[in-house]
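Residues per chain, in single letters:
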Amino acid sequence: MTFMFDAALASLREIVSPPFRNVLFKSLGMTFLLLALAWVGLDKLALSYISVDHPWLQLALTYATGVGLFVFLAFLIGPISVLVAGLFLDDLADVVEADLYPPGERGTAIPVSQAVMMGVKFAAVSAGVNFLALLLLLLPGINAVAFLLANAYLLGREYFLFAATRFRSLEEAMELRRRYAPQLFLAGLFMAAFVVTPGLNVLTPLFGVAFMARIHKTLSAERQARWAGR
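Now for a look at the structure at hand. Everything numeric in this text was worked out from a predicted model, so none of it was measured.

### Digging into the nonpolar core
If you look at soluble globular proteins, the nonpolar side chains tend to sit buried side by side.
Item 1. The biggest cluster of nonpolar side chains holds 43 residues, and the ones touching the most others in it are F211, M212 and I215.
Item 2. If you list the elements that add at least two residues to this core, you get α1 (2–14), α2 (18–49), α4 (89–100), α6 (143–165), α7 (170–179), α8 (181–195) and α9 (204–228).
Item 3. The contact partners of M212, leaving out residues within four places of it in the chain, are G156, Y159, F160, A163, A187 and M191.

### A few points about the side chain of T204
Item 1. Checked against the element boundaries, T204 lands in helix α9.
Item 2. For T204, the residues in contact, after removing those within four places along its chain, are L155, M191, F194 and V195.

### A few points about the pattern of salt bridges
Any two side chains of opposite charge can pair, so long as their charged atoms come close to each other.
Item 1. Scanning all chains against the criterion turns up six salt bridges.
Item 2. Put simply, R214 and E14 hold a salt bridge, and the shortest N to O gap is 2.7 Å. Residue R214 is found in helix α9, and its partner E14 is found in helix α1; the two are separated by 200 residues along the sequence.
Item 3. By relative accessible area, which is 12% here, R214 ends up buried.
Item 4. On the accessibility criterion, E14 (7% relative accessible area) is buried.
Item 5. Of the charged contacts in the structure, one is a salt bridge between E158 and R177, with a shortest N-O distance of 3.9 Å. Taken as a pair, E158 in helix α6 and R177 in helix α7 lie far apart in primary sequence, 19 residues in all.

### Let's talk about the packing of α7 against α8
Item 1. Running from N to C, α7 and α8 cross one another at 85 degrees; their axes reach a closest spacing of 5 Å. Overall, the two elements α7 and α8 adopt an arrangement that is roughly perpendicular. Contacts from R177, R178 and R179 of α7 reach α8 at A181, P182 and L184.
Item 2. Of the residues contributing to the contact of α7 with α8, the split by class is three nonpolar, no polar and three charged.

### Notes on the side chain of R166
Item 1. Among the secondary structure elements, R166 is positioned in the loop between α6 and α7.
Item 2. Owing to a relative accessible area of 2%, R166 belongs among the buried residues under this scheme.
Item 3. Side chain to side chain, R166 and E97 meet in a polar contact 2.8 Å long.

### Some thoughts on a nonpolar patch on the surface
Item 1. A surface patch of nonpolar side chains, about 300 Å² in accessible area, is lined by L33, L34 and L37.
Item 2. Position of L37 relative to the elements: it lies in helix α2.
Item 3. Residue classification places L37 among the exposed positions, given a relative accessible area of 55%.

Conventions and cut-offs
Going along each chain's sequence as written, the residues are numbered from 1 onward. Owing to the predicted nature of the model, reporting of local features is limited to residues with pLDDT of at least 70; listing and counting of side-chain atom pairs is limited to 80 or more, with chain, interface and lining totals taken over all residues. With hydrogens and water set aside, each side-chain value is computed from the structure's full complement of heavy atoms. Among buried residues, the Ala, Val, Leu, Ile, Met, Phe, Trp, Tyr and Cys ones that are joined through side-chain atoms within 4.5 Å form a nonpolar core. For each residue, the accessible area found with a 1.4 Å probe, counting protein chains only, is set against the maximum for its type, and the residue is called buried under 20%, exposed over 50%, and partly exposed in between. Each helix is a run of DSSP H or I of at least 4 residues and each strand a run of E of at least 2, with the numbering of both proceeding from the N terminus. The criterion used for residue contact is that any of the two residues' heavy atoms lie within 4.5 Å. Only one rule defines a salt bridge in this text: a Lys or Arg side-chain nitrogen within 4 Å of an Asp or Glu carboxyl oxygen. In this analysis an axis means a line fitted to C-alpha atoms, helices contributing only their contacting stretch, and an angle means the value between N-to-C directions, from 0 to 180 degrees. Geometric relationships in this document are graded by angle, where less than 35 degrees denotes roughly parallel, more than 145 denotes roughly antiparallel, 65 to 115 denotes roughly perpendicular, and other angles denote oblique. Classification used: nonpolar for Ala, Val, Leu, Ile, Met, Phe, Trp, Tyr, Cys and Pro, charged for Asp, Glu, Lys and Arg, polar for all others including Gly. What qualifies as a polar contact is a pair of N or O atoms within 3.5 Å, subject to a donor-acceptor requirement within protein and to the restriction that residues adjacent in sequence count only when both atoms come from side chains. For patch detection, residues must exceed 30% relative accessible area and be free of salt bridges, and they are connected within 9 Å for like charges or within 5 Å for nonpolar side chains (Val, Leu, Ile, Met, Phe, Trp, Tyr). Here, Shrake-Rupley sampling with a 1.4 Å probe gives the accessible areas, and only protein chains in the shown set may cover a residue.

Encoded structure:
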């Protein structure tokens, strides 16, 4: 599967290009703004329900609430950044496909309603996997492996589906995804490496689009060659 390493290297180079950097800055800015608003709102909500008379207890409660919110919102950075970046995935796919396909052969933007649903689904998958990882912290020895494998499976499936639906119907894209499930799991491991690396997890959507656009092109060509050989 050397083509996956080639695709990963090309995608790494692409995500530092100006169009991808612009989307990164926009998505990070929107993500941290949403987190800041959530912090203020949740902090006021929590402290409005809990009140003590002793000043030292009140101070301790304030700090404990702050720490709890920090952990909770840190857990949400990944899912929220994925949701926000989902607003720009079609624009990024256009940039990638311009390098991969001749004029007139690039994919088309998916319908807005479908794009929104995919963005929500990406975020839900990210939140679910992160929540699972928190639960697995109670089981030393298997938590990291389980987290990596779960991310590989889910991210490989979802980002390939996005790349494929720009060229074919949703039903055809899902059939192609089933046919190449083992290859997509291996491709998902590359994406999972981003998710498990602090700081790089916010780059997962950008890398996922660039990477899966290339994987889809390769697997589509392989499928066409098989059909032509029959």
